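Chain and residue survey
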Amino acid sequence: MGKTKNKPVLVIAGPGAGKTYDMVDRIMDAIPHLQPHRILAAITYTNAATSNIKERLAKRICIPPNVFIGTNHSFCYRFIFKPFGHLAGMLPKELVFMDIDYGTKPKEMDAGSWKIAINLRKKRNLENGRYGYEQILTMSGKILEENELVRTVVCNRLQYLFIDEFQDANSSQSKIIEYISKEDKTVIYAVGDPEQYIFRFTDTIKSYENIAINKFKKIAKVETNTKNHRSCDEIVRFIKQFHCDVDQRSERGSDVCGGVYFIPETDLDSIIKSYRSITSILKKNGKPVEKFYLSYVNKTFEDVAEKWELIPVSNDATKGLGLIDEAIKIISAIVGKNSKQICEKYKLDRIALRKKGLLLVIAIRKGKIKTAEDICTFIENNLELEANKEYSINNVEDKLRKLNGKEFVDDNISEYHMHSSIHKAKGLEADAVLVVAEDKGQLTRWLITEKETRYSEKTDMCRLGYVAFSRAKTMLCIACLKNIDKKIDSELTRLGVTKS
């Protein structure tokens, strides 16, 4: 295959910019030029984003068989690890992917000994065919690094590569994309927002300037998307003070209810009460108003969730086959038996049960299932399993919310109150958002606007604030569980925040 003679394209786009719509448009532009024997791959970081792209593309065309849309893990497994892993002696006959938790370092063990112990456990797991999802990426990168022929074959097959949420690429993903780019046989389009990079704790990259998206700027043609379709002008004018690359403008314009507020109370119950009072003016044409409650850790709102009827939500970046596992949990909850008991009663093997889980996922994604009762009917009529009539509806709905990353829509409810950690809320949005800092130090770092200070931050705390603030469509409330000082008060005033 010849060289592309095209530089990779990197689009820097802030929150609410319509990145998925833009990517689908560009995929549509590329498909007429896609050669029958080559592949167009669009990779994302969550199953929900994968479904979103597929659904939007399917509304416009019949998706060709040589167009792949999936998570970065599924892409690496299908096009690198599975076909070429045996060449590197990395693909045992019995292979199982799973979430492997190696726990935390015991206090009595030093860091060096702990690292040796973890590496030994990883080696034993690999020898026995037990792979963690992240190891698919690590091994795929190693395969490309060590085998020039494999790199050539992969890139000869890959004509187009579209990458969503590129700021979330870790060191392994970055290495794979770098090898593909160097072969210069694949047209690469990537989109992301460096200011929404908040997963440093999961990776070995320690310097903000060395994260994948910033390094990619040096070899790519950089474009900027300045639109914000999510937030009103009052919110956009506030959040863009924290962005170093994009001067966003609101496509929604000003909103009579729009604004950014600081709640002075430090007691969580009082904060929530004030938040609900401030946002009580929000109305939507017959649809429930969605309100988020965000904090650095889940525990902040978990302790009061039952009292205030807060629903836990998550962007649910479940990898690989995780969605099917969640579907099987739903089936187990309604049938009233665990997976092993279901298989024994209905004479199913593991694969047959997973197929039933997949059918449930498909039905949910197609919008055929919207209530717990719908699930029960589907399981009995379509999966031919007997439902336990005494199952807990609330429990089932909690599991379904986790699968979808959002709540059920109930026309009889006027408001939805949802809580999450900031990390798990990334990619989600709500009409009103309450962001609660644990102390003055945390709030101070969330309010950093100076470019060099944000870039030199050793943690992602300043960007966590930006991600949290930018979830809001119309109203944003900020609070702190400790009394603030005059310096923070002055900074809030400078940023245009209204004191409630």
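Computed from a prediction, not measured in an experiment: that's the story for all the values here.

**Brief notes about the packing of aromatic side chains**
On inspection of all chains with the given rule, the structure shows 14 aromatic pairs. Between Phe-162 and Tyr-189, the aromatic rings sit 5.6 Å apart at their centres with planes inclined by 50°, giving tilted as the arrangement. Taken together, the positions of Phe-162 in strand β6 (residues 158–163) and Tyr-189 in strand β7 (residues 187–192) put the pair 27 residues apart, joining distant regions of the chain. Side by side, Phe-162 and Tyr-189 carry an identical accessibility label, which is buried. Between the aromatic rings of Trp-446 and Phe-469, the centroid separation amounts to 6.4 Å while the plane-to-plane angle is 90°, which identifies the pairing as edge-to-face. A residue pair is termed long-range when its members are at least 10 positions apart, and Trp-446 in helix α19 (residues 440–446) and Phe-469 in helix α21 (residues 461–469) qualify at 23 residues. Three or more aromatic residues joined by ring pairs make a cluster, and in this case those are Phe-238, Phe-242, Trp-446 and Phe-469. Stacked on the ring of Tyr-21, the Lys or Arg Arg-56 has its end atom at 3.7 Å from the ring centre.

**Here's the deal with the pattern of salt bridges**
All chains considered together, the criterion is met by 24 salt bridges. The partner of Glu-223 in a salt bridge is Arg-26, with the nearest N and O atoms 3.0 Å apart. You can see Glu-223 sitting in strand β8 (residues 221–225) and its partner Arg-26 sitting in helix α1 (residues 19–30), a full 197 residues away along the chain. Its relative accessible area of 25% is what places Arg-26 among the partly exposed residues. Each of the salt bridges in this network shares a partner with another, and the network as a whole consists of Asp-22, Arg-26 and Glu-223.

**Remarks on the pairing of strand β14 (residues 415–421)**
The element β14 is largely enclosed, with a buried count of 6 among its 7 residues. Note that strand β12 (residues 289–295) and β14 share 7 bridges and pair parallel. Bridging from a neighbouring strand, Ser-295 pairs with Ser-421 of β14. Where strand β13 (residues 311–312) and β14 come together, 2 bridges link them in parallel fashion. Note that in β14 the partner of Ile-311 across the bridge is Met-418.

**Things to note about helix α5 (residues 133–146)**
Here α5 is 14 residues long and its end C-alpha atoms lie 21 Å apart, about the 20 Å a rise of 1.5 Å per residue gives. Burial in α5 covers these residues: Tyr-133, Gln-135, Ile-136, Leu-137, Met-139, Ser-140, Gly-141, Ile-143 and Leu-144.

**A closer look at unusual backbone geometry**
Its identity is not glycine, yet Glu-165 carries a phi of approximately 50°, on the positive side. Its place among the elements puts Glu-165 in the loop between β6 and α7 (171–183). For Glu-165, a relative accessible area of 21% puts it in the partly exposed group. A positive phi angle is found at Asp-184, which is not glycine, with a value near 55°.

**As for the confidence of the model for the protein chain**
Taken over all residues, the pLDDT of the protein chain has a mean of 85, while the share at 70 or more is 86%. A low-confidence stretch, residues 317–321 (pLDDT under 50), is modelled with 12 contacts involving residues beyond four sequence positions or located in other chains. The low-confidence segment residues 405–411, where pLDDT is below 50, has 19 contacts with residues more than four positions distant or belonging to other chains.

**Re the packing of α1 against helix α2 (residues 47–58)**
For any two helices packed against each other, the geometry is given by the interaxial angle and the distance between the axes. As a packed pair, α1 and α2 sit with axes 10 Å apart at the nearest point and diverge in direction by 50°. For the element pair α1 / α2, the angle class is oblique. Pair α1 / α2 crosses with right-handed handedness. Of the residues in α2, those touching α1 at Thr-20, Tyr-21, Met-23, Val-24, Ile-27 and Met-28 are Asn-52, Ile-53, Arg-56 and Leu-57. The residue makeup of the contact of α1 with α2, split by class, is 7 nonpolar, 2 polar and 1 charged.

**Comments concerning the sheet that holds β14**
Strand pairing in a sheet relies on backbone hydrogen bonds. The paired strands run either parallel or antiparallel. Strands sit in the order β13-β14-β12-β15-β16-β11-β17 across an open sheet of 7 strands; the sheet is parallel. Looking at which strands have only one partner, the edges of the open sheet turn out to be β13 and β17 (498–499).

Reading guide: rules and limits
- Residues numbered from 1 in each chain as written.
- Predicted model: local features only at pLDDT ≥ 70, side-chain atom pairs only at ≥ 80, totals over all residues.
- Heavy atoms only, no water.
- Phe/Tyr/Trp six-rings, centres within 6.5 Å; stacked < 30°, edge-to-face > 60°.
- Helix = DSSP H or I, 4+ residues; strand = E, 2+ residues; numbered from the N terminus.
- Buried < 20%, exposed > 50% of the residue type's maximum accessible area, 1.4 Å probe, protein only.
- Lys NZ or Arg CZ within 6 Å of the ring centre and 35° of its normal.
- Salt bridge = Lys/Arg side-chain N within 4 Å of Asp/Glu carboxyl O.
- Pairing = 2+ DSSP bridges.
- Expected span 1.5 Å × (residues − 1).
- pLDDT = per-residue confidence, 0-100.
- Contact = heavy atoms within 4.5 Å.
- Axes fitted to C-alpha atoms, helices over the stretch in contact; angles between N-to-C directions.
- Parallel < 35°, antiparallel > 145°, perpendicular 65-115°, else oblique.
- Left-handed = near helix turned anticlockwise from the far one by under 90°.
- Nonpolar A, V, L, I, M, F, W, Y, C, P; charged D, E, K, R; others polar.

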